[in-house]
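# Analysis of the macromolecular model
Residues per chain, in single letters:
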Amino acid sequence: MSAPDGAMAAAAGASGGVSGAGGVTGTGGIAGDGGVTRADGVTGTDAGIGAGGGIGAGGGGPRNAPSLTPIFVRLKLALLRNGLRQSSGRTAAYVVSAVFALLIAAGQLLGLVLLRGNDHAGTVVVLLTAVLAVGWAVMPLFFPGGDETLDPTRLVMLPLRPRPLVRALLVASLVGLGPLFSLCLALGSVIAVGHGAAAVAVAVLAVPLALLICVALARAVATANIRLLTSRKGRDLAVLSGLVVAVGIQVVNFGAQRLGDAGGLSALDPTASVVRWVPPASAIGAVDSVSEGAYGAAGAQLLLSAGALAALLYAWQRSLVKLMTAPDGSTLAAAEPSRKKSASAVGRLSRLLPEGRTATVMRRSLRYVWRDPKTKAAWVTSLAIGLIAPLFNALQGRGTIYFACFAAGMLGIQMYNQFGQDTSAFWMVAQTISSTRDAYLELRGRALALLVISMPYSALVTVATAALLGDWGSLLEALGLSFALLGAMLATGAVASARFPYSIPQDSAYKNVAPGQAGLAWISIFGGMLGAALLCAPVIALTIWLHVVDADGWTWLLFPVGTVYGALMGVLGLRLAAPRTAARLPEILTAVSKG
């Protein structure tokens with residue numbers, strides 16, 4: 001019996017709901033009006049379900065049943081302990097992450113303590129608390145498997161009442177690095193703004209209140225979306241978590257620079273005056289209000305926080321009851337219409353594509369982009385970062401229109417390791433390639449599928465960058481450079497896919513290279529990017545020469561020159577990669593099947 005199963009059995013057995021060797025027995029089990037005893041061992045004398053009582057209508061179990069809370073805390077610790085026993089690598093990763101989290105928490109606590117007495121301390125702490133709450137609300141959507149107790153469907157078969165279950169899950173959620181980190185932030189926040197005995201008294205209530213709101217918020221969000229999180233769409237969402245982190249870092253960087261330009265923390269005071277009334281920041285804001293002598297406002301903020309906690313617990317309990325008593329019909333509704341809609345969409349796409357093998361390969365590649373989690377994550381990340389990098393630099397006033405080429409570069413990377421996304425299913429593709437011509441058509445179809453997305457997107461990013469900078473005179477030359485770079489990356493990507501294929505593991509959302517193939521991945525991607533830059537050297541040199549000789553009136557020629565040059569490079573790269581692909585089919589299949 002695994003740790004979760006054993007702990008859950010202990011929870012049910014301790015509450016009197018599950019026992020016996022021959023079946024399920026117990027006074028708090030499943031019963032009728034006068035008690036039902038069956039030959040298979042299911043007996044009972046109560047009308048309810050469970051010791052703590054079951055979820056739904058009916059009577060309760062024994063009144064002297066032990067509390068579920070310590071059982072669930074032990075379950076949480078058992079899950080953590082057994083998870084670390086699985087491998088030394090997992091243990092090392094957890095220890096390293098724990099050390100970093102504790103160091104950050106300690107530094108954060110120290111920084112907030114040093115902030116005490118600063119005029120803007122109240123602004124900083126309420127905004128930090130609000131950001132913390134947003135993190136608690138969002139993270140369960142992207143890391144649903146990070147805490148196995150986040151999935152209450154594991155407890156469906158146990159005779160447990162909603163209220164004791166919610167209370168036990170809430171307390172168990174306080175065990176971990178996340179709650180410890182949040183506790184340090186809340187504690188440092190009240191130290192930074194608290195002055196006087198009254199503030200200390202309010203802080204005693206505010207710190208646990210803010211922490212419980214964060215935890216209850218995470219639980220309520222996870223429970224309300226657990227059907228989604230355990231589905232294929234939920235796994236797709238988890239794969240995109242890295243994109244959220246990357247975008248978040250860019251937003252924070254942009255916000256910090258804009259804040260410095262606006263004159264410092266004083267620019268945040270209007271925002272903080274509103275956020276301090278939004279739980280859980282309102283709990284920390286109550287300490288600040290008491291320190292300033294606004295006792296009425298402090299009381300209102302505490303009541304608001306307590307009301308928010310009660311509302312979250314109520315919403316969580318309702319979602320929990322519905323989840324554990326209603327069948328999952330998420331995969332049954334409108335299944336047939338969806339298939340018809342998908343089929344019609346494929347049909348419309350087929351009419352727009354050329355006939356023959358090229359259309360088939362393009363449809364397959366585009367379907368990978370839309371439906372395969374790893375491929376979708378790579379594309380969405382490239383699309384987002386390719387847009388964020390030039391636009392954010394333009395908004396900061398430090399950009400140039402040539403940064404728009406970053407979008408073409410990010411999308412061109414998708415041409416590398418084309419066969420890796422097929423994994424072991426590449427054998428079906430290999431069976432259709434019997435000549436260099438077949439290999440060329442296969443590579444051409446994949447390249448055209450990439451161009452269907454990357455060319456209009458690169459043009460869109462370039463136009464948006466020119467609009468933000470007001471540099472419309474350089475638009476055509478920037479488009480020419482982008483298309484030249486895109487064609488060069490198609491060429492080097494095709495050659496790298498044939499020469500340095502590697503497998504993409506499908507069992508983990510956070511592994512993009514199979515063990516032992518990291519060197520191949522580095523050579524494929526970075527070697528190809530360097531080669532693409534060298535291939536673009538003539539167009540880059542022409543651009544520089546036109547500006548050096550002050551021939552700005554002729555820079556528009558870079559658009560047709562760059563477009564034609566990129567097309568020629570792409571075709572040349574496909575021609576060079578085709579014979580190598582046809583000759584190395586067994587080696588490619590072996591390389592991409594290791595994941």
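In the block above lies the structure referred to throughout.
Residues numbered from 1 in each chain as written. Predicted model: local features only at pLDDT ≥ 70, side-chain atom pairs only at ≥ 80, totals over all residues. Heavy atoms only, no water.

## Examining unusual backbone geometry
Operational definition: Working definition: helices are DSSP H or I runs of at least four residues, strands are E runs of at least two. Numbering for both runs from the N terminus. Remark: exposure states derive from per-residue accessible area (1.4 Å probe, protein chains only) relative to the maximum for the residue type, with buried under 20%, exposed over 50%, and partly exposed in between.
That bond from Pro-279 to Pro-280 is cis: its omega, 0°, falls within 30 degrees of zero. Positive phi is not limited to glycine here, since Asn-417 has a value of about 55°. Along the polypeptide, Asn-417 turns up in the loop between helix 17 (405-412) and helix 18 (426-430). Overall, Asn-417 belongs to the buried group, its relative accessible area being 4%.

## A few points about the packing of aromatic side chains
How two aromatic rings sit relative to each other is given by the distance of their centres and the angle of their planes. Condition: Working definition: rings of Phe, Tyr and Trp (its six-membered ring) pair if their centres are within 6.5 Å, and the pair is stacked with planes under 30 degrees apart, edge-to-face with planes over 60 apart, and tilted otherwise. Any Lys NZ or Arg CZ that is within 6 Å of a ring centre and within 35 degrees of that ring's normal is treated as a charge sitting over the ring.
The full count for this structure, using the stated rule, is 2 aromatic pairs. Ring centres of Phe-419 and Phe-426 lie 5.0 Å apart, and the angle between their planes is 50°; on these two criteria the pair is classed as tilted. By relative accessible area, which is 0% here, Phe-426 ends up buried. Relative to Phe-559, the ring of Phe-483 lies with its centre 6.2 Å away and its plane at 50°, an arrangement referred to as tilted. In this pair, Phe-483 sits in helix 20 (residues 475-499) while Phe-559 sits in helix 23 (residues 558-583), placing the two residues 76 residues apart along the sequence. Look at Phe-483 and you get buried, because its relative accessible area is 11%. Over the aromatic face of Trp-370 sits the side chain of Lys-376, whose NZ or CZ is 5.7 Å from the ring centroid. Looking at Arg-575, its charged tip hangs above the ring of Tyr-440, at a distance of 4.1 Å from the centre.

## Quick notes on the pattern of salt bridges
Using the following cut-off: We define a salt bridge as a side-chain nitrogen of Lys or Arg found within 4 Å of a carboxyl oxygen belonging to Asp or Glu.
For the structure shown, the criterion picks out 5 salt bridges. Salt-bridge contacts for Glu-442 lead to Arg-357; the nearest nitrogen and oxygen are separated by 2.9 Å. Taken together, the positions of Glu-442 in helix 19 (residues 436-469) and Arg-357 in helix 15 (residues 357-371) put the pair 85 residues apart, joining distant regions of the chain. Residue Glu-442 is classed as buried on the basis of its relative accessible area of 1%. Note that Arg-446 and Glu-442 form a salt bridge whose closest N and O atoms lie 2.8 Å from each other. Placement of both Arg-446 and Glu-442 in helix 19 is noted, with a separation of 4 residues, approximately one turn of the helix. The pair Arg-446 / Glu-442 is uniform in exposure class, with both members buried.

## Quick notes on a nonpolar patch on the surface
Inclusion rule: Surface patches are drawn from residues lacking salt bridges whose relative accessible area is over 30%; two like charges belong together within 9 Å, two nonpolar side chains (Val, Leu, Ile, Met, Phe, Trp, Tyr) within 5 Å. Only the protein chains shown count as cover for residues, and the accessible areas themselves come from Shrake-Rupley with a 1.4 Å probe.
Together, Leu-476, Trp-554, Trp-556, Leu-557, Phe-559 and Val-561 line one region of the surface with nonpolar side chains, adding up to about 540 Å² of accessible area. Inspection of the secondary structure puts Trp-556 in the loop between helix 22 (537-548) and helix 23. The partly exposed category is assigned to Trp-556, whose relative accessible area is 44%.

## Thoughts on the nonpolar core
A general trend in soluble globular proteins is that nonpolar side chains are found buried together. The condition that has to hold: Residues belong to a common nonpolar core when they are buried Ala, Val, Leu, Ile, Met, Phe, Trp, Tyr or Cys residues joined through side-chain atoms within 4.5 Å.
The biggest cluster of nonpolar side chains holds 59 residues, and the ones touching the most others in it are Phe-72, Val-125, Leu-155, Leu-160, Leu-165 and Val-287. Broken down by secondary-structure element, the contributors of at least two residues to this core are helix 2 (69-84), helix 4 (121-142), helix 5 (162-172), helix 6 (177-193), helix 7 (197-224), helix 11 (269-275), helix 12 (281-291) and helix 13 (295-325). The element that contributes the greatest number of residues to this core is helix 7, accounting for 14 residues. Counting 42 residues, the second-largest nonpolar core is a separate cluster that includes Leu-411, Leu-443, Ala-494 and Cys-536.

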